[in-house]
Amino acid sequence: MGSSRSQAAAEVLFLHATHVYYGFGVPRGDNSGVVIIPGFLGTDMYLTELHSWLDRIGYRPYFSGIGINAECPNLLVQRQLKQTIERALDETGRRTHLIGHSLGGVIARSLAGQRPNDIASVITLAAPIRGTVASRTVLHAAEGIRQRILQEHGPGVLPDCYAGKCTCQFVDSLRRAVPDSLLETAIYTRDDGIVDWRYCMTKNPQVDCEVSGTHIGLAFNPSVYSIIADRLAKAQSSH
């Protein structure tokens, strides 16, 4: 993972050297809200570059407000994320876009299924939306989080919380197809290195977008930013 972080750092530097980063040559936003959700064990802070860029190109970006993404996803949705989406809807008067990185993308896709009338589009970045195949290090960390969740929340969560066989509303929504009323985009990289990239695509060529880069680096990848700008603009024109 050390080499992955080094490559991600290089991707940040490269991003700053591109015209996309400064908002040149990409479609302008319509001031609609975009909620961005961090990945497993991540916080909103590493998405600051994406947040600032969305603001530069004409959107109203919102950090998720979830703190560290190391909690029962169903609780995150019902507590912090629900409030963030409500604020975006109230302040913009428009349907909101969701962008999620890694586990944040899984959460975003589930949210889109739960609230199709409030969500205009969902974009996932290296998100294992069709399964949880990941490196041993990630799976071990996830099991540790699962045990902590069970200890802290007890009867407040299901026994299979943070496992693929959980039957909560979050998992149930994830298993459903994204409603036709919103635009879905799944961005993935074959050089992921953290999760199995084949689980990060829908197998629908109208939805899937392949880029070069690392799992972590997709949050700072200029090719990803170009796709995001195009897909957000497409979602605008379809409503």
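Please read all numbers here as calculations on a predicted model, not as lab measurements.

## A word on the overall build of the protein
Stage number 1. Counting its regular elements, the protein contains seven helices and six strands.
Stage number 2. Along the protein, from the amino end to the carboxyl end, the secondary structure elements read α-β-α-β-α-β-α-β-α-α-β-β-α.
Stage number 3. Sequence separation of 24 or more characterises 71% of the internal contacts of the protein that already satisfy a separation of 6 or more.

## Section: the packing of aromatic side chains
Aromatic ring pairs: the centre-centre distance and the angle between the two ring planes describe each pair.
Stage number 1. Tallied over the full model, the rule gives three aromatic pairs.
Stage number 2. For the pair Trp53 and Tyr225, a centre-to-centre distance of 4.6 Å together with 35° between the ring planes defines the contact as tilted. In this pair, Trp53 is assigned in helix 2 (residues 48-56) and Tyr225 in helix 7 (residues 222-237), connecting sequence segments 172 residues apart. A single burial state applies to Trp53 and to Tyr225, both of which are buried.
Stage number 3. Over the ring of Tyr21 we find Arg56, and its NZ or CZ is 4.4 Å from the ring centre.

## A short note on the nonpolar core
Side chains of nonpolar character tend, in soluble globular proteins, to be buried together.
Stage number 1. Ranked by internal contacts, the top residues of the largest apolar core, which has 28 residues, are Trp53, Leu54, Ile99, Ile187 and Ile228.
Stage number 2. Of all the secondary structure elements, the ones that give two or more residues to this core are strand 1 (33-37), helix 2, strand 4 (119-125) and helix 7.
Stage number 3. Considering every element that reaches this core, the biggest residue donor is helix 7, with six residues.
Stage number 4. With near-sequence residues (within four places) excluded, Leu54 lies in contact with Val34, Ile36, Tyr59, Pro61, Ile99, Ile228 and Leu232.
Stage number 5. The next biggest cluster of nonpolar side chains, apart from the first, holds 24 residues, and it includes Leu76, Leu89, Ala112 and Val207.

## Regarding the sheet that holds strand 3 (residues 96-101)
Stage number 1. Within the open sheet, the six strands sit side by side as 2-1-3-4-5-6. Their pairing is parallel. Each end of this open sheet is capped by a strand with a single partner; those strands are strand 2 (60-63) and strand 6 (208-210). Strand-to-strand twist of the sheet, defined as the mean angle between neighbouring strand axes without regard to direction, takes the value 20°.
Stage number 2. Together, strand 1, strand 2 and strand 3 form the strand contacts of helix 2, whose direction differs from that of strand 2 by roughly 160°.
Stage number 3. Taken strand by strand, helix 4 (residues 103-114) contacts strand 1, strand 3, strand 4 and strand 5 (183-188), and its axis lies near 150° from that of strand 3.

## Here we look at the pattern of salt bridges
Stage number 1. Summed over the entire model, instances satisfying the criterion amount to eight salt bridges.
Stage number 2. Among the salt bridges present, the one from Asp196 reaches Arg198, with a minimum N-O distance of 3.0 Å.
Stage number 3. In this structure Asp196 comes out as buried when scored by relative accessible area, which is 15%.
Stage number 4. One connected set of salt bridges, linked through shared partners, spans Arg60, Arg87 and Glu91.

## Observations regarding the environment of Ser52
Stage number 1. Topologically, Ser52 is positioned in helix 2.
Stage number 2. Classification of Ser52 by relative accessible area gives partly exposed; the value is 28%.
Stage number 3. Taking C-alpha positions, Ser52 is 9.9 Å from Tyr22, a pair spaced 30 residues apart along the chain.

## Some remarks on the confidence of the model for the protein
Stage number 1. When the pLDDT values of the protein are averaged, the result is 82; 73% of them are 70 or greater.
Stage number 2. Taken as a whole, residues 157-163 scores under 50 in pLDDT and shows 30 contacts with residues more than four places along the chain or in a different chain.

## Some points on helix 4
Stage number 1. Look at helix 4: 17 Å from first C-alpha to last across twelve residues, which is about the 16 Å you get at 1.5 Å a residue.
Stage number 2. Counting buried positions along helix 4 yields eleven of twelve residues, so the element is predominantly enclosed.
Stage number 3. The set of residues buried in helix 4 consists of Leu103, Gly104, Gly105, Val106, Ile107, Ala108, Arg109, Ser110, Leu111, Ala112 and Gly113.

## With respect to the pairing of strand 5
Stage number 1. A large share of strand 5 lies buried, amounting to six of its six residues.
Stage number 2. Burial of the side chains of strand 5 extends over both faces: Leu183, Thr185 and Ile187 are buried on one face and Glu184, Ala186 and Tyr188 on the other.
Stage number 3. The pairing of strand 4 with strand 5 spans five bridges and is classified as parallel. In the sheet register, Val122 faces strand 5, and the bridge partner there is Glu184.

## Re the side chain of Ser102
Stage number 1. For Ser102, the position within the fold is in the loop between strand 3 and helix 4.
Stage number 2. A polar atom in the side chain of Ser102 sits 3.0 Å from the side chain of His215.
Stage number 3. Residue contacts for Ser102: discarding those within four places in its chain leaves Gly39, Leu125, Ala126, Ala127, Pro128 and His215.

So, how was this worked out
Residues numbered from 1 in each chain as written. Predicted model: local features only at pLDDT ≥ 70, side-chain atom pairs only at ≥ 80, totals over all residues. Heavy atoms only, no water. Helix = DSSP H or I, 4+ residues; strand = E, 2+ residues; numbered from the N terminus. Contact = heavy atoms within 4.5 Å. Phe/Tyr/Trp six-rings, centres within 6.5 Å; stacked < 30°, edge-to-face > 60°. Buried < 20%, exposed > 50% of the residue type's maximum accessible area, 1.4 Å probe, protein only. Lys NZ or Arg CZ within 6 Å of the ring centre and 35° of its normal. Core = buried A, V, L, I, M, F, W, Y, C linked by side-chain atoms within 4.5 Å. Pairing = 2+ DSSP bridges. Axes fitted to C-alpha atoms, helices over the stretch in contact; angles between N-to-C directions. Salt bridge = Lys/Arg side-chain N within 4 Å of Asp/Glu carboxyl O. pLDDT = per-residue confidence, 0-100. Expected span 1.5 Å × (residues − 1). Polar contact = N/O pair within 3.5 Å; in protein donor to acceptor, adjacent residues only side chain to side chain.

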